[in-house]
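Summary of structural features
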Amino acid sequence: MPEPVDPQADQPPPADDHAFLGHPRGLATLSGLEVWERFSFLGMQAILVLYFADTVANGGLGMDPGTAASVSAAYGTMVYLVSVAGGWLADRILGSYRAVLWGGILIACGHYAMAVPTTAMTWAGLGLISAGTGLLKPNVASMVGKLYRTADERRDAGFALYYMAINIGAFAGPLVTAWLGENKGWHWGFSAAALGMTAGLVQYVLGRRHLAGRKHSAEFPLTPDAMRRAVRTIAGGLLGLAALCGLLAAAGWLTMDRFVDVLTLTSVIAPVVYFTVMFRSPQVSAEERGRLRPYAVLFLASVAFNFILFQAYSTMMLLASTNARTSLLGFDFPAGWYASALGAFEVALAPVVAAVWVRMGRRQPQTSNKIAFGVILGGLSFLLMVIPTSGHATDTYRMAAWWIVGSYLLLGLGDVLLQTSGMSATSKLAPKAFSSQTMALWFLSLALANGIQAQVVKFYGEVSNPVYFGVNGAIAVAVGLAVLALAPWLRRTMHPVH
């Protein structure tokens, strides 16, 4: 049955639509979806590594800490690798609205699967969430952009509200899931994540009429023949991959460690291939190729920072659960609540940083320096942990809560500096022929950060905590300082990007 004709489906709302805090009403729908998506995703992330590492008797999977952190990082790698394909599927086959809708449905089904207390359902749920997030995440942001006309001065402020919604979800999710997980059982926490995603989907469907890009067809659809071939190829490839994995697992070759290694290798190869294609493409001009070189430096800086950031939900959670006090002014709280501090700091700091940049005007630091400062702050957040983890004869010590909170303060400020500047630089430096794949470039840096993390965190628990946090933090600081040292060259080669 053909879709009813809606001539306004691809058009931004009327310029006088100020229904949501001075912005189009559709922004409330998309921001509401992201609040619940982040609530579910990061709420689950806050307890996932603790569930992996908990004893079987307590309802966990009984992994050693390093393995638990490695598997958690591998899951993140898979999410961001799939996200690269999510943008293409929306552009060519599904359309943005359907990609986000089906992505949300897969995420909700994945969380419901994880609510079932069996190991098989846990792995099935993580697979569904990875696929769903890969469809949803890259396409919600593009739908936000479609709410505004090119010359609409509200665009940047609209994205600021949208990212604040993300951080509200990041703050609220761990509060609920961690309390349920540690007091009622891990699968109760996963259930809360499922209900959160369901709530987000309901309000997304109800608010569809306020969205630009809401039609069911793709914006740049394949021809019917090409569409059929693509669908057959994708379906056949997925079935073939599932069969191959099943055979290798049955033969005893595809162990968890090898699966993690394959994901890490893929996360390394993918950006190398992507940059090679861009550098060699005849559609990329010499001027654009020149701007790709500084972007490669910023790409690596993003990898260094996000390698630290993603450990807020793995090694830092493990450290908080075993060696940090979980009481404040006589009130006991779950270790997973520490993860909420990161979201809280980002909600509070984002408008402050934005106001500072506005006040500084043309005197504000160049983009590469903002990114460098973010990487340095990420490294310092780990170096800070050397102090409370040093000088103990046994591993039974408990550090004050403020050490973890202070680390997350540095990390949150670094994230605010880097993520907004990094996304802006990506959109401006990407070659015109690859502009529609800007999000893919950014997600590849996140996938690579997780892929590297999946290998490095295996040393957590094998070396002393001061060594682990000190070495990783020092490397991140060194990367940030290197980017600062390259500032004159970056300023010249990034021109006209400030």
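Residues numbered from 1 in each chain as written. Predicted model: local features only at pLDDT ≥ 70, side-chain atom pairs only at ≥ 80, totals over all residues. Heavy atoms only, no water.

**A closer look at the overall build of the chain**
Note the threshold: In this text, helices come from DSSP runs of H or I with a minimum length of four residues, and strands from runs of E with a minimum of two, each type numbered from the N-terminal end. Working definition: with a 1.4 Å probe on protein chains only, accessible area under 20% of the residue-type maximum means buried, over 50% means exposed, and in between means partly exposed. Any two residues whose heavy atoms approach within 4.5 Å are treated as being in contact.
When its secondary structure is counted, the chain shows 17 helices and two strands. For the chain, the residues scored as buried account for 51% of the 498 residues in total. Put simply, of all contacts in the chain between residues at least 6 apart along the chain, 82% involve residues at least 24 apart.

**Some details on the nonpolar core**
The test is simple: As used in this record, nonpolar core signifies buried Ala, Val, Leu, Ile, Met, Phe, Trp, Tyr and Cys residues forming a set joined through side-chain atoms within 4.5 Å.
Leu48, Tyr338, Ile404 and Tyr408 are the most contacted members of the largest nonpolar core, which totals 92 residues. Counting residues per element, this core draws most heavily on helix 9 (residues 286–309), which supplies twelve residues. Aside from chain neighbours lying at most four places away, what touches Leu48 is Ser72, Tyr75, Met114, Leu126 and Phe190.

**Thoughts on the packing of helix 1 (residues 25–53) against helix 10 (residues 315–323)**
Convention followed: A fitted line through C-alpha atoms serves as each axis, taken over the contacting stretch for helices, and the angle formed by two N-to-C directions is quoted from 0 to 180°. Less than a right angle of anticlockwise turn of the near helix away from the far helix marks a crossing as left-handed, whereas a clockwise turn marks it as right-handed. Amino acids are sorted into nonpolar (Ala, Val, Leu, Ile, Met, Phe, Trp, Tyr, Cys and Pro), charged (Asp, Glu, Lys and Arg) and polar (every other residue, Gly among them).
Look at helix 1 against helix 10: their axes get within 9 Å of each other, and the N-to-C directions meet at 65°. For the crossing formed where helix 1 meets helix 10, the hand is right-handed. Here helix 1 contributes Ala46, Val49, Leu50 and Ala53 to the contact with helix 10, which in turn contributes Met317, Leu318 and Ser321. Along the lines of polarity and charge, the residues of the contact of helix 1 with helix 10 split into six nonpolar, one polar and no charged.

**Description of the confidence of the model for the chain**
To keep it simple, the criterion reads: The predictor's confidence in any single residue is recorded as pLDDT, a number from 0 to 100.
Averaged over all residues, the pLDDT of the chain is 83; the fraction at 70 or higher stands at 89%. Ranking the elements of the chain by mean pLDDT puts strand 1 (residues 327–328) last, at 76, and helix 16 (residues 465–485) first, at 95.

**Describing the packing of helix 1 against helix 6 (residues 186–206)**
What counts, and what does not: Oblique is the label for any angle not under 35 degrees, not over 145, and not in the 65 to 115 range, which are roughly parallel, roughly antiparallel and roughly perpendicular in turn.
Where helix 1 meets helix 6, the axes come as close as 8 Å, and the angle between the chain directions of the two elements is 170°. Comparing their axes, helix 6 and helix 1 come out roughly antiparallel. As helix 1 packs across helix 6, the resulting crossing turns out to be left-handed. For the contact of helix 1 with helix 6, the per-class residue count stands at 18 nonpolar, eight polar and one charged.

**Overview of the environment of Ser464**
Tracing the backbone through its elements, the reader meets Ser464 in the loop between helix 15 (438–456) and helix 16. When its relative accessible area of 38% is taken as the criterion, Ser464 is described as partly exposed. In this structure the C-alpha to C-alpha distance between Ser464 and Ser390, which are 74 residues apart in sequence, comes to 8.8 Å.

**With respect to the side chain of Ser70**
Relative to the elements of secondary structure, Ser70 occurs in helix 2 (residues 65–94). According to the relative accessible area criterion, Ser70 is buried, its value standing at 3%. Those residues in contact with Ser70, other than ones at most four positions away along the chain, are Val260, Ala454, Val457 and Lys458.

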